[in-house]
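Survey of secondary and tertiary structure
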Amino acid sequence: MTTACPISSPADEFDPFGDGYQQDPPAYVAWSRESEPVFYSPKLDYWVVTRYEDIKAIFRDNLTFSPAVALEKITPTSQEANDVLASYDYGMNRTLVNEDEPAHMERRRALMEPFDPEHLAHHEPMVRALVREYVDAFIDDGRADLVNQMFWEIPLTVALEFLGVPDDDKPKLREYSVAHTVNTWGRPEPEEQVAVAHAVGNFWQYAGGVLERMRERPDDHGWMQYGIRMQRELPEVVTDSYLHSMMMAGIVAAHETTANGIANAVKLLLENREIWEQVCADPTLIPNAVEECLRHNGSQAAWRRITTTPTEVGGVSLPEGARILMVSSSGNHDTRRFEDPELVDVRRDDAADHLTFGYGAHQCLGKNLARMEMQIFLEELTGRLPHMRLAAQEFSYVPNTSFRGPEHLWVEWDPADNPERRDPCVLRPRVEVNIGEPTAAHHSRPMRVVRVVDAADDVRHITLVSDDGTALPTFTPGSHIDVECADSGIVRQYSLCGSPPAPVQPAGCPVPHTPRPQEYEIAVLREQESRGGSDWVHDHVHEGDVLTVRGPRNHFRLPEQAQRYVFVAGGIGITPIRAMAAHAAREGVAYEIHYLGRERAGMAFVDELATEHGEHLVVHCSGEGGRADLHRLMADLSDRGRAGDLHLYACGPQRMIDDLTTGSADWPEGTVVFEHFSSTLGELDPEVEHEFTVHLADSDVDLVVPRDRTLLQTLRDAGRAIPANCREGLCGTCEVPVLDGDVDHRDVVLSGSERRAGDRMMSCCSRAVGDRIVLGL
Ligand code: HEM
Ligand code: FES
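Described below are features of the structure shown in this document. As the structure is a prediction and not an experimental result, all values here were calculated from the model.

On to the sheet that holds strand E28 (residues 772-775), then. Two modes of strand pairing occur in sheets, parallel and antiparallel, and in both the strands are linked by backbone hydrogen bonds. Spatially, the 5 strands line up as an open sheet ordered E23-E22-E28-E24-E26, and their pairing is mixed. The open sheet has two free edges, formed respectively by strand E23 (701-705) and strand E26 (760-762), since each of these has just one partner strand. Between one strand and the next, the sheet's axes are offset by a mean angle of 40 degrees, whatever the strand orientation.

Soluble globular proteins: nonpolar side chains tend toward being buried together. With 124 residues, the main nonpolar core has Leu146, Met150, Phe151, Trp223, Val266, Leu381 and Met388 as its most contacted residues. If you tally residues by element for this core, the top one is helix H15 (residues 240-271), at 15 residues. Those residues in contact with Met150 that sit more than four places away from it in its chain are Val131, Tyr134, Val135, Phe138, Pro155, Phe377 and Leu381. Within the second largest apolar cluster, 28 residues are counted, among which are Cys497, Leu558, Ala604 and Cys621.

What follows deals with the layout of surface pockets. Its volume calculated, the second largest pocket comes out at about 680 Å³. The wall of the second largest pocket is formed by 27 residues, among which Met112, Asp116, Pro723, Thr733 and Glu735 lie closest to the centre. Looking at the lining of the second largest pocket, the elements with two or more residues in it are helix H7 (103-110), helix H8 (117-121), helix H14 (223-233), helix H19 (367-384) and strand E24 (735-740). In terms of residue count, E24 provides more of the lining of the second largest pocket than any other element does, 3 residues in total. Here the residues of the lining of the second largest pocket are counted per class, giving 14 nonpolar, 4 polar and 9 charged.

In the vicinity of ligand 1 there are 29 residues, among which His104, Arg108, Arg305, His362 and Cys364 approach most closely. Here Val97 contributes a backbone N or O atom positioned 3.4 Å from an oxygen atom of ligand 1. Ala253 places a polar main-chain atom, nitrogen or oxygen, 3.4 Å from a nitrogen atom of ligand 1. According to the grid-proximity analysis, the pocket containing ligand 1 is the largest cavity. Among the elements that make up the shell around ligand 1, the one with the highest residue count is H15 (5 residues).

Here we take up the sheet that holds strand E15 (residues 519-525). The 6 strands are arranged E14-E13-E16-E11-E12-E15 in an open sheet whose pairing can be described as antiparallel. Looking at strand neighbours, the two that pair on one side only are strand E14 (490-495) and E15, the edges of this open sheet. On average, each strand axis in the sheet is tilted by 40 degrees relative to the strand beside it, whichever way the strands run. Sheet topology note: the strand E11 (residues 445-456)/strand E16 (residues 546-554) ladder contains 4 bridges and is antiparallel. Counted as the bridge partner of Arg445 is Val549 from E16.

So, about helix H11 (residues 153-163). An α-helical segment advances 3.6 residues per turn. Residues three or four places apart therefore align on the same side. Most of H11 sits inside the fold, with 9 of its 11 residues counted as buried. Of all the residues in H11, the buried ones are Ile154, Pro155, Leu156, Thr157, Val158, Ala159, Leu160, Phe162 and Leu163. Trailing H11 by a residue or two, Gly164 shows a phi angle of about 95 degrees, which is positive.

Turning our attention to the pattern of salt bridges. Throughout the structure, instances matching the rule amount to 55 salt bridges. Glu380 serves as the salt-bridge partner of Arg128, at 3.5 Å between the closest nitrogen and oxygen. Highlighted residues: Arg128 in helix H9 (residues 124-138) and Glu380 in helix H19, separated in sequence by 252 residues. Accessibility assignment for this pair places Arg128 and Glu380 in one class, buried. The salt bridge partner of Glu437 is Arg727, with a shortest N-O separation of 3.4 Å. A residue pair is termed long-range when its members are at least 10 positions apart, and Glu437 in the loop between helix H20 (419-422) and E11 and Arg727 in the loop between helix H26 (711-717) and E24 qualify at 290 residues. When its relative accessible area of 27% is taken as the criterion, Glu437 is described as partly exposed. Given a relative accessible area of 36%, Arg727 falls into the partly exposed group. A network of salt bridges, in which partner residues are shared, links Glu124, Arg128, Arg132, Asp136, Glu379, Glu380, Arg384, Glu420 and Arg430.

Criteria and thresholds
- Residues numbered from 1 in each chain as written.
- Chains lettered and ligands numbered in written order.
- Predicted model: local features only at pLDDT ≥ 70, side-chain atom pairs only at ≥ 80, totals over all residues.
- Heavy atoms only, no water.
- Pairing = 2+ DSSP bridges.
- Helix = DSSP H or I, 4+ residues; strand = E, 2+ residues; numbered from the N terminus.
- Axes fitted to C-alpha atoms, helices over the stretch in contact; angles between N-to-C directions.
- Core = buried A, V, L, I, M, F, W, Y, C linked by side-chain atoms within 4.5 Å.
- Buried < 20%, exposed > 50% of the residue type's maximum accessible area, 1.4 Å probe, protein only.
- Contact = heavy atoms within 4.5 Å.
- 1 Å grid on protein atoms, 1.4 Å probe; cavity = no way out; pocket = protein on both sides within 12 Å on 5 of 7 lines; lining within 4 Å.
- Points joined across faces, edges and corners; volume = space filled by probe spheres on them.
- Nonpolar A, V, L, I, M, F, W, Y, C, P; charged D, E, K, R; others polar.
- Near = heavy atom within 4 Å.
- Polar contact = N/O pair within 3.5 Å; in protein donor to acceptor, adjacent residues only side chain to side chain.
- Sits in = over half its atoms within 2 Å of the grid points.
- Salt bridge = Lys/Arg side-chain N within 4 Å of Asp/Glu carboxyl O.

In structure tokens:
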């Protein structure tokens with residue numbers, strides 16, 4: 001553990017209220033992602049965290065990193081402003097987002113039902129009708145400020161409807177919301193603080209008044225009325241203070257986030273015209289386009305936590321009481337997590353792993369409502385105004401750390417070209433709204449096979465290009481893609497064995513530019529005991545075919561710095577190693593490749609590798625008497641390995657990995673990385689799990705949960721739409737009712753007494769103790 005120098009120079013200058021951060025937060029802190037991912041900002045008196053994994057680790061542990069400061073004023077205000085707030089009896093307190101455990105989880109679970117997919121589906125016709133009506137109002141004008149004329153008001157109307165607030169004075173609420181944002185996340189000048197305090201005080205009183213009116217009609221629809229009804233059952237969980245605070249915070253949580261989210265999304269797509277046109281032509285891309293926009297240009301730029309004990313983030317020691325600003329928008333652009341993060345790729349298969357909705361126990365409860373709204377906006381706009389373009393304008397933002405979206409978004413078009421003047425059919429909805437995270441069908445990449453050659457006996461070397469001509473993301477060595485074996489239902493992962501293009505230095509430009517790859521290469525061995533995938537590729541894939549591909553993704557990443565690499569490949573395990581070795585050679589890092597196989601004729605790329613890598617390559621071919629003695633190899637490497645001078649990367653059969661594991665047992669953590677031929681499927685270890693049957697009592701169906709699948713995966717495979725946020729037992733979303741059978745609880749959501757009651761379980765991680773369990777589904 002290191003203790004960072006408390007103040008360093010770019011950190012000194014860090015100003016989240018300045019134009020640099022407002023215009024593009026991830027670009028503004030790019031230096032930090034590269035060289036100082038956790039730093040202290042003296043201007044803010046916060047620790048700032050900018051890398052994906054560090055931010056996720058903080059979100060994951062809400063005991064060490066309390067959310068209590070999430071709604072605290074980031075800028076302390078003057079006594080005069082505080083007095084103004086006090087004169088309104090302002091008492092914003094804990095809601096959900098800033099509540100600690102165990103109170104938070106009890107409350108969250110008591111209030112979750114209205115966010116279920118089937119409840120949310122009721123709001124869809126209302127959202128669609130609103131969007132249509134607002135577009136009708138300006139479609140013949142040829143010019144509109146989408147923020148003022150639509151994006152601000154519709155999410156506000158939807159938020160009020162969802163919360164159960166009578167349709168009220170919207171301009172007043174807009175003024176209040178902005179004041180709340182500035183008060184909580186902004187840096188108002190002293191003279192502005194008093195006006196802001198009056199608006200926030202009025203907002204507080206307004207929220208109290210609405211709540212009183214709701215209490216008179218507790219059976220009306222709405223999430224707040226649901227809370228009022230739950231208060232009768234659980235008065236200690238759903239308190240008065242909660243209801244009043246949530247009445248105010250809920251309007252902002254449900255409204256501004258989504259209004260900014262759609263404004264950022266449309267801006268991003270129009271700035272990337274060819275992507276906009278792609279989405280116009282193929283509306284099935286919309287659910288994942290929403291996710292990619294939230295990743296690339298989300299409406300929550302940063303979120304806050306405070307440490308409850310001395311701890312460490314990214315190797316930096318933090319004291320108890322350290323305030324932390326997690327720049328989640330920067331995590332979303334972290335090259336360690338997302339391949340080619342600057343590319344807007346609406347087919348990115350892990351776009352939904354962005355941090356814009358937070359993560360873990362507090363992950364946004366309203367995310368599926370927001371997704372639904374954003375999809376409907378995009379569907380209507382891409383269908384009715386595909387020819388619209390951004391007007392020339394400067395974009396301005398309300399200066400604050402967290403809520404981010406342009407104040408205006410001017411677009412223009414020629415009304416004579418409005419498609420509905422020619423064809424009224426464009427007014428019909430073209431795709432179904434997807435409630436929840438996009439599925440595999442929403443982010444597949446059609447790729448055309450342009451070359452199929454034999455790389456060795458029984459090994460096909462296949463080259464793929466983008467079928468619709470759109471850019472392919474560049475990839476890092478060790479990446480793989482998923483290939484769908486047509487309608488066989490089989491999906492297989494294959495490492496990319498080619499190299500992405502090298503960076504080039506354009507004349508007169510100091511920053512090297514990395515061209516995007518034109519093609520992806522994979523090599524597929526026909527397995528003796530094929531489970532269908534490799535046979536299918538060998539028997540059915542021909543030049544000219546179009547394959548459905550997902551990715552690239554990388555779970556087998558090279559470190560940022562290494563003195564010397566030792567690459568070990570067994571058989572077809574050469575595929576990721578080929579890309580890694582090419583990278584090491586290009587970067588000038590010392591390396592050696594040990595390539596193990598039975599017969600040279602069956603070893604893919606062996607001749608090319610010899611030409612490309614010369615003496616760096618050692619071929620251990622048992623058929624030629626060159627059987628690899630891995631014990632000997634590891635003994636030779638052991639001194640340097642133990643000293644941390646080597647990085648060992650290996651891919652191959654289990655026996656080879658076992659030998660390397662034994663030989664490197666005393667090497668420092670992180671210096672030995674293996675890729676297995678078969679995936680371990682999440683955190684489950686099939687070696688220690690057992691298979692069990694789940695009986696779904698309401699539908700009289702039996703399902704088998706195999707050792708390498710979770711209950712959640714099995715239920716979803718069987719078509720049950722079980723919502724799931726964290727998939728790690730942290731958030732309580734995937735709860736299912738248990739009627740019979742003992743549960744092996746592995747979550748951190750249920751209390752001891754709830755576990756003992758045995759009537760519910762978290763399907764993402766918990767399993768059956770015995771061989772059968774009965775669920776009320
Ligand atoms: C929490 C973002 C829309 C209700 C959060 C958090 C973030 C967030 C960053 C904190 C997460 C954490 O601490 O891990 C967003 C964004 C939205 C959006 C970017 C739109 C694009 C909505 C909507 C609603 C909503 C439409 C309500 C209808 C909530 C609630 C929480 C929350 C209730 C607190 C959850 C808890 O602490 O257990 N949201 N949100 N949000 N959001 Fe959203
Ligand atoms: Fe979060 Fe299961 S507890 S998805």
